[in-house]
Amino acid sequence: MPMSFFVSRQARIGDVAALVGTTPRAIRHYHDMGLIREPRRGGDGRRRYGFQDVVRLLWIRKMADAGIALDDIRDAFTTTVAVVGTGKSEGDGIEAALARLEETLAAQEAKLARQRARVRRMRAEGSRMGLLSEAVTDRLKNLPEGSLRQADLDALLVTERIFGPLGAAVQASRFIALATHPEIRAESDRLDAAEEALDDTVAVDDPRVAETAAQRHAFEEILMTVIEESGVAEEEAALLDALDIAHPEGTEDTLEPDAKDGGMSAFEAVTKLPHGFSPARVRCAELAQELAARD
């Protein structure tokens, strides 16, 4: 390229921004961050940039496009300045930033792969079933079409959040029995309706409270018998053994691994879980538990 092609020894910020492929505002931000030195100003008070400034801006633009944070780019340049005379080149600081970026991208790729797997499961299993872990859905796959209800899946979703996939997989035995025994499901529906009738208009000492509690206790005993006789209990026992291995006796119950960010134990989660039950219905549940403990 002939030297006559080069018109000016210096360029204004707008021309440099267009040349580099950025904006004057971005270049001013680079100045504020210390990514590039403040250039001399011409007689009109405007910044004037030279060839090396263009090179530096192209470095910044290319590294930023690669995903390197501006702070890391600045640190890389700063490190380079600090080691001048030690035999290290300007690329050493950039190489360190690239290594950190590669680690970050690898973590993002792993996260993206997990998200894709979850989306595929949700599409394959159905949106609600697919929200549950494989340990739970594997136990529910062979049930009759339409035998599982939305409320069943919602209950499993909450259980999995608090007690983890194995806890929900164990609870799945209940819904397997209900889905495969229509007469048990009908009695469960009748009892659910009786409990729902214990609303805020019913006193805690109303005879219906104790009566419904006794019916609930009797039903749970029948349901447990059905589960044991159907062979589902054997699957449940294997799951409980796995649960004991994962959470040995004496260790604290905590939320499943991806739920620990709340710092809440399983017991705390259960006690804080909103339910909307009336005092009469809560008392009914307490009486049913007392009957179970007595037996």
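Reference entry: report on the structure contained in this document. Please read these numbers as outputs of a predicted model, since none were measured by experiment.

### Regarding the overall build of the chain
Here is step 1 of the chain: Along the chain, the regular secondary structure elements total 12 helices and two strands.
Here is step 2 of the chain: Put simply, the chain runs from its N terminus to its C terminus through helices and strands in the order β-α-α-β-α-α-α-α-α-α-α-α-α-α.
Here is step 3 of the chain: Within the chain, contacts between residues at least 6 apart in sequence are counted, and of these 61% link residues at least 24 apart.

### Describing the pattern of salt bridges
Here is step 1 of the chain: The final tally for this structure, using the stated rule, is 19 salt bridges.
Here is step 2 of the chain: Arg41 is the salt-bridge partner of Glu38, the closest N and O atoms lying 3.3 Å from each other.
Here is step 3 of the chain: Judged by its relative accessible area of 47%, Arg41 falls in the partly exposed class.
Here is step 4 of the chain: Salt-bridge contacts for Arg47 lead to Glu38; the nearest nitrogen and oxygen are separated by 2.5 Å.
Here is step 5 of the chain: Here Arg47 falls in the buried class, since its relative accessible area comes to 17%.
Here is step 6 of the chain: Judged by relative accessible area, Glu38 falls into the partly exposed class, the value being 39%.
Here is step 7 of the chain: When salt bridges with common partners are traced through the structure, they connect Arg174, Asp192, Glu195, Arg216, Glu220 and Arg281 into a single cluster.

### Quick notes on the packing of helix α7 (residues 150-180) against helix α9 (residues 207-229)
Here is step 1 of the chain: Where α7 contacts α9, the two axes come as close as 10 Å, and the packing angle between them is 85°. With respect to their mutual orientation, α7 and α9 come out roughly perpendicular. Where α7 abuts α9, its residues Ser173, Arg174, Ala177 and Leu178 lie against Arg216, Phe219, Glu220, Leu223, Val226 and Ile227.
Here is step 2 of the chain: Looking at side-chain class alone, the contact of α7 with α9 contains six nonpolar, one polar and three charged residues.

### A closer look at the packing of aromatic side chains
Here is step 1 of the chain: Within the structure shown, the criterion is met by zero aromatic pairs.
Here is step 2 of the chain: The aromatic ring of Phe277 is capped on one face by Arg281, whose charged end is 4.2 Å from the ring centroid.

### Here we look at helix α2 (residues 24-33)
Here is step 1 of the chain: Those residues of α2 lying buried are Ala26, Ile27, Tyr30, His31 and Met33. One side of α2 carries all its buried residues, which in axial view fall inside an arc of 170°. Facing away from the buried side of α2, by more than 90 degrees, are the exposed residues Arg25 and Asp32.
Here is step 2 of the chain: Just past α2, the residue Gly34 takes up positive phi, approximately 85°.

### A few points about helix α3 (residues 51-65)
Here is step 1 of the chain: The terminal C-alpha atoms of α3 lie 21 Å apart, and with 15 residues this matches the ideal 21 Å at 1.5 Å per residue to within 8%.
Here is step 2 of the chain: Restricting attention to buried positions, one finds in α3 the residues Asp53, Val54, Leu57, Ile60 and Met63.

### Brief notes about the side chain of Thr137
Here is step 1 of the chain: Looking at where Thr137 falls in the secondary structure, it is placed in helix α6 (residues 134-140).
Here is step 2 of the chain: Setting aside residues up to four positions removed in sequence, Thr137 forms contacts with Arg121, Met129 and Leu132.

### Remarks on the side chain of Thr159
Here is step 1 of the chain: As for its placement among the helices and strands, Thr159 is situated in helix α7.
Here is step 2 of the chain: Ignoring anything within four residues of it in the chain, the contact list for Thr159 reads Gly164, Gly167, Ala168 and Gln171.

### Some words on a nonpolar patch on the surface
Here is step 1 of the chain: On the surface, Met122, Leu131 and Leu157 cluster together into a nonpolar patch covering about 220 Å² of accessible area.
Here is step 2 of the chain: Overall, Leu157 belongs to the partly exposed group, its relative accessible area being 35%.

### Some thoughts on the packing of α9 against helix α12 (residues 279-294)
Here is step 1 of the chain: Running from amino to carboxyl end, α9 crosses α12 at an angle of 45°, the nearest separation of the two axes being 8 Å. The angle between α9 and α12 places the two elements in the oblique class. Crossing geometry of α9 relative to α12 is assigned as right-handed. On α12, the residues that touch Val209, Ala210, Thr212, Ala213, Ala214, Arg216 and His217 of α9 are Ala280, Arg283, Cys284, Leu287, Ala288, Leu291 and Ala292.

Quick notes on the rules
- Residues numbered from 1 in each chain as written.
- Predicted model: local features only at pLDDT ≥ 70, side-chain atom pairs only at ≥ 80, totals over all residues.
- Heavy atoms only, no water.
- Helix = DSSP H or I, 4+ residues; strand = E, 2+ residues; numbered from the N terminus.
- Contact = heavy atoms within 4.5 Å.
- Salt bridge = Lys/Arg side-chain N within 4 Å of Asp/Glu carboxyl O.
- Buried < 20%, exposed > 50% of the residue type's maximum accessible area, 1.4 Å probe, protein only.
- Axes fitted to C-alpha atoms, helices over the stretch in contact; angles between N-to-C directions.
- Parallel < 35°, antiparallel > 145°, perpendicular 65-115°, else oblique.
- Nonpolar A, V, L, I, M, F, W, Y, C, P; charged D, E, K, R; others polar.
- Phe/Tyr/Trp six-rings, centres within 6.5 Å; stacked < 30°, edge-to-face > 60°.
- Lys NZ or Arg CZ within 6 Å of the ring centre and 35° of its normal.
- Arc of directions from axis to C-beta.
- Expected span 1.5 Å × (residues − 1).
- Patch = residues over 30% accessible without salt bridge, like charges linked within 9 Å, V, L, I, M, F, W, Y side chains within 5 Å.
- Areas by Shrake-Rupley, 256 points an atom, 1.4 Å probe, with all protein chains shown as cover.
- Left-handed = near helix turned anticlockwise from the far one by under 90°.

Remember that the coordinates give geometry; whether it matters functionally is a separate question.
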